[in-house]
Amino acid sequence: MSQFPDQQPIIRTVGRRQMREGQPLTAADREAMTRMAQYLTRAPKGIFRYRSQAAMEADRLRWTVDAVVAKTTHR
């Protein structure tokens, strides 16, 4: 046991790493992952301080609508 009571004990791992079931990603899978990684939220980055919950909800709704409009006009 460790001399520090707030730490978890170290346990020895015995054996070899198990192979995961499945198959490697296809080119289409990798392309889909790349597309998903380029997703934009349209919400500006940073910390915002609002005077009321209603002002925050108005901004969030505006950013959501902007994202939906941008996505539908892109198609």
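On a predicted model such as this, the values are computed, not experimentally measured, just so you know. Within any chain, residue numbers begin from 1 and follow the written order of that chain's sequence. In keeping with the model being predicted, local features are shown solely for residues with a pLDDT of at least 70 and side-chain atom pairs are shown and tallied solely at 80 or more, while totals for entire chains, interfaces and linings include all residues. Remark: hydrogens and water are excluded; side-chain values derive from all non-hydrogen atoms of the structure.

Student: Teacher, can you tell me more about the overall build of the chain here?
Tutor: Strands are runs of DSSP state E lasting at least two residues, helices are runs of H or I lasting at least four, and both sets are numbered from the N terminus onward. Looking only at helices and strands, the chain has two helices and zero strands in total. Overall, the C-alpha framework of the chain stretches about 55 × 45 × 15 Å when taken along its three principal axes. With a 1.4 Å probe rolled over the protein chains alone, any residue whose accessible area is under 20% of its type maximum counts as buried; one over 50% counts as exposed, and the rest are partly exposed. Looking at the chain as a whole, 4% of its 75 residues are labelled buried. The protein chains shown are the only cover counted for residues, whose accessible areas, like all others here, come from Shrake-Rupley with a 1.4 Å probe. On the chain, roughly 8,400 Å² of surface is accessible, and the fraction owed to carbon and sulfur atoms is 55%.

Student: I keep staring at a nonpolar patch on the surface and nothing clicks. Help me out?
Tutor: Here the term patch refers to residues with relative accessible area over 30% and no salt bridge, with like charges joined within 9 Å and nonpolar side chains (Val, Leu, Ile, Met, Phe, Trp, Tyr) within 5 Å. One side-chain nitrogen of Lys or Arg within 4 Å of one carboxyl oxygen of Asp or Glu is enough to make a salt bridge. Taken together, the side chains of L61, V65 and V69 present a nonpolar region at the surface, about 260 Å² in accessible area. Looking at the secondary structure, you find V65 in helix α2 (residues 53-74).

Student: Just to check I follow, could you spell out the packing of aromatic side chains for this structure?
Tutor: The geometry of an aromatic ring pair comes down to the distance between the two centres and the angle between the two planes. Two aromatic rings from Phe, Tyr or Trp, using only the six-membered ring of Trp, form a pair when their centres are within 6.5 Å; if the ring planes differ by under 30 degrees the pair is stacked, by over 60 it is edge-to-face, and anything between is tilted. The full count for this structure, using the stated rule, is two aromatic pairs. Considering the side-chain rings of F48 and Y50, the 6.4 Å spacing of their centres and the 25° angle between planes classify their relative orientation as stacked. For Y50, a relative accessible area of 29% translates into the label partly exposed. For the pair F48 and W63, a centre-to-centre distance of 5.5 Å together with 50° between the ring planes defines the contact as tilted. Taken together, the residues F48 in the loop between α1 (27-37) and α2 and W63 in helix α2 connect sequence positions 15 residues apart.

Student: So what exactly am I meant to see when it comes to the layout of surface pockets here?
Tutor: Here the idea is plain: a probe the size of a water molecule rolls over the atoms and shows the empty space left. Residues are called lining when one of their atoms sits within 4 Å of a cavity or pocket point, these points coming from a 1 Å grid over the protein atoms alone, where a cavity is a set in which a 1.4 Å probe fits but cannot get out and a pocket is an open set with protein on both sides within 12 Å along at least five of seven lines. Grid points are joined across faces, edges and corners, and a volume is the space filled by probe spheres set on the points. Here the largest pocket is characterised by a volume of approximately 340 Å³. Along the wall of the largest pocket there are ten residues; nearest its centre are Y39, L40, R42, K71 and H74. Residues that form the lining of the largest pocket fall into these classes: five nonpolar, two polar and three charged. Residue polarity is assigned by list, with Asp, Glu, Lys and Arg as charged and Ala, Val, Leu, Ile, Met, Phe, Trp, Tyr, Cys and Pro as nonpolar; anything else, Gly included, falls into the polar class.

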